2 protein chains.
Amino acid sequence: MSRDAELKRILVTGGLGYIGSHVVLSLLLSGRYLPVVIDNCHNAFPEAVKRCNEIARDEMGADAPQATFHRADLREPETIEAVFAEYKAAGGIWGVVHLAALKAVGESSELPTQYYKVNVAGSISLLEAMAKNDCNNFVFSSSATVYGTPAVIPIPETSPLQPESVYGRTKAMVEWILQDICRSGTDERPSPLKAVSVRYFNPAGAHPSGKLGEEPRGKPGNLLPLLAQMAVGREKSELKVFGNDYPGSPDGTCVRDYLHIMDLAEGHVLSLDAMAVAESEKNIFSKCDPKKDGFYRAFNLGRGAGQSVLTMIAAMRKASGFEYKYEIVGRRTGDVPDLTANPALAEAELGFLAKRDLEEMCRDLWNFQTKNPNGYEQTA
Amino acid sequence: MSRDAELKRILVTGGLGYIGSHVVLSLLLSGRYLPVVIDNCHNAFPEAVKRCNEIARDEMGADAPQATFHRADLREPETIEAVFAEYKAAGGIWGVVHLAALKAVGESSELPTQYYKVNVAGSISLLEAMAKNDCNNFVFSSSATVYGTPAVIPIPETSPLQPESVYGRTKAMVEWILQDICRSGTDERPSPLKAVSVRYFNPAGAHPSGKLGEEPRGKPGNLLPLLAQMAVGREKSELKVFGNDYPGSPDGTCVRDYLHIMDLAEGHVLSLDAMAVAESEKNIFSKCDPKKDGFYRAFNLGRGAGQSVLTMIAAMRKASGFEYKYEIVGRRTGDVPDLTANPALAEAELGFLAKRDLEEMCRDLWNFQTKNPNGYEQTA
């Protein structure tokens, strides 16, 4: 397609996952980017790319850009190199959105070597492959968990990185590595890498088409997918609320900053847009000292509105009609009382604003769950 | 040899380097360990192992244990796996002393991706290979540079890790990774890994035989090898002293804690000895909380005696008879005023005491330099 030649090709690692697939869709819908998806299918299905392409055709017509998929694993750098090589003749890969990672906080303390291997060593291999292929625009999926237990709520980006889990440390380490690479080199030959870390708060919901959503293997580890699967009758376990004596919370339960998955996904597109601004124009790196900071920035992607666990249960009851029964039990080790973003920097610099509200998140999640009661596999 | 069957086999990564080769020699001389050396020969020569074996025979007789050498690179995990496999039938490898790393602070800010690849990703691969081969004793070569600019001199091990260079961050990250692995697992299946990080202060000198010493490729980056090469007429460049206005120093120049390389090397043997103590007996991990700390400890290896740059120049003049001319220039970015260890913990727990004094360091360095004016390569 001649139109594709004008699009910037973006490698999306982990592009089959919940966040990854919505990022792929947002890239397609932007009309500016052409996603090349890689994933090892550890916890995700190639069906997700098909659905992204289908939604893009539904919304943009038959000549909508279409994502391609390659099965590849960051632990096997030669498979990543092969993908870069494949697109070299066609103009190469302009940028990378790096989401591939192991992501379960609890599991990370049991399997730290695997987490460091995939999340840290895998990122280093990817950055090495990018340098070899002169690909210099990088968006990294970081997490609010890098802040540990923050002193200030809502949390500004200047809050120190003091992660309290192995998972959190893998994310913080990659941020430090990125910054070091961005500010490396000499005066004559500064590093060509530009990088943005986006620190996710709590993504929720699904694309409103009901074709794309969160499809965890096994019992969901996060609250909203668990509530959705309970309401649809797929998950039968009891609902436990860990602690209702947290100070500062309206009802004593933990407070999190939920944002719609499509808002979060669009934050990645905005980050790439910001990196694409010419160096001669005002851009997000204009104020960076090349030696001290490098062309590296980190932004919170959140709504700035904290929601307690009980608020979320009530919102999902409203969306699904399901009467949840829950038990209040003791606090869970490692839970931070409140993780609410200060989203002002991302709004000012990226133009990022999470517009979709809690009702929309729950409605879209429920729409996806009822249309895909058993997930992608069975409907593919 | 029947005697070898009673020795614990120790993989020494980077075992051809300055510190590595003296560690190999100390392991041989201990009569308790049998070193298996791996090295990629990036900055070192196989000749070093031959010399270790020769010194061991000189001191222990014809049936002295002998180290073996394998050329292998941590960036190619299959070469490491092959070494573990080779010794499997013969009882396997009991422990690892991990020294292989890129180590130039200045270069690390120019080539961060390489430093993270070798030092961090390489360590992760090694730890993965160890776990697969049920090898659970690990001594890691860390560095005083993990302390950054410490608030308290002499520096205790409880000083926070706040490294100020890429090199320092690679060392701190591996320490964090080690601790996370040591405290991982579940109550029923805790991690089998025991690890000790040894934080080096400034190693100096050589084995008194004059057969083993520091043999840097190119212009020496450290003060003492530079002084030795200047005195022997090999290095012609001018001597610059960076800053003489540091507060707290007797003459205003930077203060470092030099210790004899054989003392430092013996600290590794003592660390392995400490890890070999049965779990039922009092050992260095007895006070560790398995969940919070894991079986992980970190120790300073230093003398606890700070020496200024000008003191070192005077000491080398005394040893070599060479009249050094030097120029005082401005402070160098990144230099910390004083890095002097508090060595009390290593003495109390490992029985480590750096006995050899500054005169001995300079004498042994000068002995090596005069016997090997052009290094290993030309005399091999």
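Bear in mind that the values here come from a model prediction, so they are computed numbers and not experimental data.

Q: Explain the relation of the copies chain B and chain A to me, and be specific about the residues and the numbers.
A: Each of the two chain copies goes to the other by way of a rotation about an axis and a shift along it. Rotating chain B by 180 degrees and translating it 0.0 Å along the rotation axis places it on chain A, where the RMSD comes to 0.0 Å. What we have between these two chains is a two-fold relation. The position closest to the rotation axis in chain B is occupied by the C-alpha of Ala121 of chain B, lying 2.4 Å away. Both copies share a contact surface, since 100% of the interface residues of chain B are interface residues in chain A too.

Q: Requested: an account of a negative patch on the surface, with residues and values cited.
A: Among the surface-exposed residues, Glu76 and Glu78 of chain A together with Glu76 and Glu78 of chain B lie close enough to one another that they form a single negatively charged patch. For Glu78 of chain B, a relative accessible area of 53% corresponds to the exposed category.

Q: Could you give an account of the sheet that holds strand S9 (residues 255–256) of chain B, with specific residues and numbers?
A: Within a sheet, each strand pairs with its neighbour through backbone hydrogen bonds, oriented either parallel or antiparallel. All names here are of chain B. Strand order in the open sheet formed by three strands is S12-S9-S14, and the pairing between neighbours is mixed. Every interior strand has two partners, whereas the edge strands, strand S12 (307–308) and strand S14 (338–339), have only one. As judged from the two bridges shared by S9 and S12, these two strands associate in the antiparallel manner. Of the residues in S12, the one forming a bridge with Arg256 is Gln307.

Q: Give me the lowdown on the packing of aromatic side chains, citing residues and values where you can.
A: Scanning the entire structure with this criterion turns up nine aromatic pairs over all chains. Centroid distance Tyr33 of chain A to Trp94 of chain A: 6.5 Å. Interplanar angle 35 degrees. Geometry classified as tilted. Taken together, the residues Tyr33 of chain A in strand S2 (residues 33–39) and Trp94 of chain A in the loop between helix H3 (77–88) and strand S4 (95–98) connect sequence positions 61 residues apart. Overall, Trp94 of chain A belongs to the partly exposed group, its relative accessible area being 22%. Seen in terms of ring centroids, Phe368 of chain B and Tyr376 of chain B are 6.0 Å apart; in terms of plane orientation they differ by 80 degrees. Their pairing is edge-to-face. Neither Phe368 of chain B nor Tyr376 of chain B differs from the other in exposure class; each is buried. Across the ring face of Tyr246 of chain A, the terminal group of Arg331 of chain A is positioned such that the distance to the ring centre comes to 4.0 Å.

Q: Tell me what's going on with the confidence of the model for chain A, and back it up with residues and numbers.
A: Residues with a pLDDT of 70 or more make up 98% of chain A, whose mean pLDDT is 95. In the model output, the complex is listed with pTM 0.96 alongside ipTM 0.95.

Q: Could you give me a rundown of the interface of chain B and chain A, with the residues and numbers involved?
A: Contacts between the two partners involve 22 residues from chain B and, on the opposite side, 22 residues from chain A. Across the chain B to chain A interface the summed buried area is about 2,000 Å²; carbon plus sulfur atoms make up 68%. Here chain B is connected to chain A by four salt bridges. The shortest N-O distance in the salt bridge between Lys117 of chain A and Glu128 of chain B comes to 3.0 Å. Connecting chain B to chain A are 10 residue pairs in polar contact (both at pLDDT 80 or more). Counting only elements with at least two residues in the side of chain B that touches chain A, the list comes to helix H5 (112–132) and helix H6 (166–182) of chain B. Here the element with the most residues in the side of chain B that touches chain A is H5 of chain B; it accounts for nine residues.

Q: Can you break down the side chain of Arg256 of chain A residue by residue, with the values?
A: Residue and element names in this part refer to chain A. Looking at where Arg256 falls in the secondary structure, it is placed in strand S9 (residues 255–256). For the buried Arg256, no salt bridge exists, and the shortest N-O distance to an oppositely charged side chain is 4.4 Å, to Asp335. A polar contact of 2.8 Å, which involves the side chain of Arg256, links it to the backbone oxygen of Val336. Once you skip the residues sitting within four places of it in the chain, Arg256 turns out to touch Asn202, Ala305, Gly306, Gln307, Asp335, Val336, Pro337, Asp338 and Leu339.

Q: Outline helix H6 (residues 166–182) of chain A, supporting the account with residue identities and numerical values.
A: It helps to recall that an α-helix has 3.6 residues per turn; residues three or four apart then point in one direction. Its 17 residues give H6 of chain A an end-to-end C-alpha distance of 24 Å, which sits within 8% of 24 Å, the value for a rise of 1.5 Å per residue. Extensive coverage of H6 of chain A is indicated by the burial of 15 of its 17 residues.

Q: Please provide a residue-by-residue account of the UniProt feature "domain: NAD-dependent epimerase/dehydratase" (unreviewed entry) in chain A, values included.
A: Under the feature "domain: NAD-dependent epimerase/dehydratase" (unreviewed entry), the UniProt entry names residues 10–277 of chain A. In residues 10–277 of chain A, the share of helix is 40% and the share of strand is 17%. The end C-alpha atoms are 16 Å apart.

Q: Residues and numbers for unusual backbone geometry, please.
A: In this chain, Ile153 of chain A is followed by Pro154 of chain A through a cis amide linkage whose omega measures -5 degrees. As for its placement among the helices and strands, Pro154 of chain A is situated in the loop between strand S5 (137–143) and H6. The phi torsion at Asp134 of chain A lies on the positive side, around 55 degrees, for a residue other than glycine. When you line up the elements, Asp134 of chain A lands in the loop between helix H5 (112–132) and S5. The exposure class of Asp134 of chain A is exposed, given its relative accessible area of 60%. Located in the positive-phi region is Cys41 of chain B, a residue other than glycine, with phi close to 60 degrees. The exposure class assigned to Cys41 of chain B is buried, which follows from its relative accessible area of 10%.

Q: Explain the side chain of Lys171 of chain A to me, using residue names and the numbers behind them.
A: Residues and elements named next belong to chain A. Here Lys171 shows up in helix H6. Buried and without a salt bridge, Lys171 has Glu175 as its closest oppositely charged side chain, separated by 8.8 Å. Lys171 has contacts with Ala101, Phe140, Ser141, Ser142 and Val146, leaving out every residue within four places of it along the chain.

Q: Tell me about the pairing of strand S6 (residues 194–200) of chain B, and please be specific about residues and values.
A: All names here are of chain B. Counting buried residues along S6, seven of its seven residues qualify, which places the element largely inside the surrounding structure. Going residue by residue along S6, you find Lys194, Val196, Val198 and Tyr200 tucked away on one face and Ala195, Ser197 and Arg199 tucked away on the opposite face as well. In this structure, strand S5 (residues 137–143) lies alongside S6, joined through seven bridges in parallel fashion. If you follow Phe138 over to S6, its bridge partner there is Ala195.

Q: An account of the pairing of strand S11 (residues 296–301) of chain A is requested, with residue identities and associated values reported.
A: Looking down a regular strand, the side chains alternate between one sheet face and the other. All names here are of chain A. Taken across its six residues, S11 has six buried, putting it largely inside the fold. Here S11 shows a buried face lined by Tyr296, Ala298 and Asn300 and a second buried face lined by Arg297, Phe299 and Leu301. Direction of pairing for strand S6 (residues 194–200) relative to S11: parallel, over a ladder of six bridges. Along S11, the bridge assignment pairs Ala195 with Tyr296.

Q: Could you give me a rundown of the pattern of salt bridges, with the residues and numbers involved?
A: In the structure shown here, the tally under the stated rule is 43 salt bridges over all chains. A salt bridge links Glu54 of chain B to Lys211 of chain B; the shortest N-O distance between them is 2.9 Å. In this pair, Glu54 of chain B sits in helix H2 (residues 47–60) while Lys211 of chain B sits in the loop between strand S7 (202–204) and helix H7 (223–231), placing the two residues 157 residues apart along the sequence. One salt bridge in this structure joins Glu215 of chain B and Arg234 of chain B, with 3.4 Å as the shortest N-O distance. Note that Glu215 of chain B is positioned in the loop between S7 and H7 and Arg234 of chain B in the loop between H7 and strand S8 (239–242), a separation of 19 residues in sequence. Glu215 of chain B gets classed as buried once you look at its relative accessible area, which sits at 11%. Several salt bridges share partner residues, and in doing so they unite Glu54, Asp58 and Lys211 of chain A into one network.

Q: Tell me about the nonpolar core, and name the residues and values.
A: In terms of nonpolar packing, the biggest core is built from 76 residues, with Phe138 of chain A together with Phe138 of chain B touching the most fellow members. Apart from residues lying up to four places away in sequence, Phe138 of chain A is in contact with Val96, His98, Leu126, Leu127, Met130, Leu178, Leu193, Lys194, Ala195, Val196 and Met275 of chain A.

So, how was this worked out
- Residues numbered from 1 in each chain as written.
- Chains lettered and ligands numbered in written order.
- Predicted model: local features only at pLDDT ≥ 70, side-chain atom pairs only at ≥ 80, totals over all residues.
- Heavy atoms only, no water.
- Least-squares fit on C-alpha atoms with pLDDT ≥ 70 in both.
- Contact = heavy atoms within 4.5 Å.
- Patch = residues over 30% accessible without salt bridge, like charges linked within 9 Å, V, L, I, M, F, W, Y side chains within 5 Å.
- Areas by Shrake-Rupley, 256 points an atom, 1.4 Å probe, with all protein chains shown as cover.
- Salt bridge = Lys/Arg side-chain N within 4 Å of Asp/Glu carboxyl O.
- Lys, Arg positive; Asp, Glu negative; His and termini not counted.
- Charge placed at Lys NZ, Arg CZ, Asp CG, Glu CD.
- Buried < 20%, exposed > 50% of the residue type's maximum accessible area, 1.4 Å probe, protein only.
- Pairing = 2+ DSSP bridges.
- Helix = DSSP H or I, 4+ residues; strand = E, 2+ residues; numbered from the N terminus.
- Phe/Tyr/Trp six-rings, centres within 6.5 Å; stacked < 30°, edge-to-face > 60°.
- Lys NZ or Arg CZ within 6 Å of the ring centre and 35° of its normal.
- pLDDT = per-residue confidence, 0-100.
- Buried area = accessible area lost by both parts, 1.4 Å probe.
- Polar contact = N/O pair within 3.5 Å; in protein donor to acceptor, adjacent residues only side chain to side chain.
- Expected span 1.5 Å × (residues − 1).
- UniProt positions renumbered as here; feature names shortened; annotations may be inferred.
- Core = buried A, V, L, I, M, F, W, Y, C linked by side-chain atoms within 4.5 Å.

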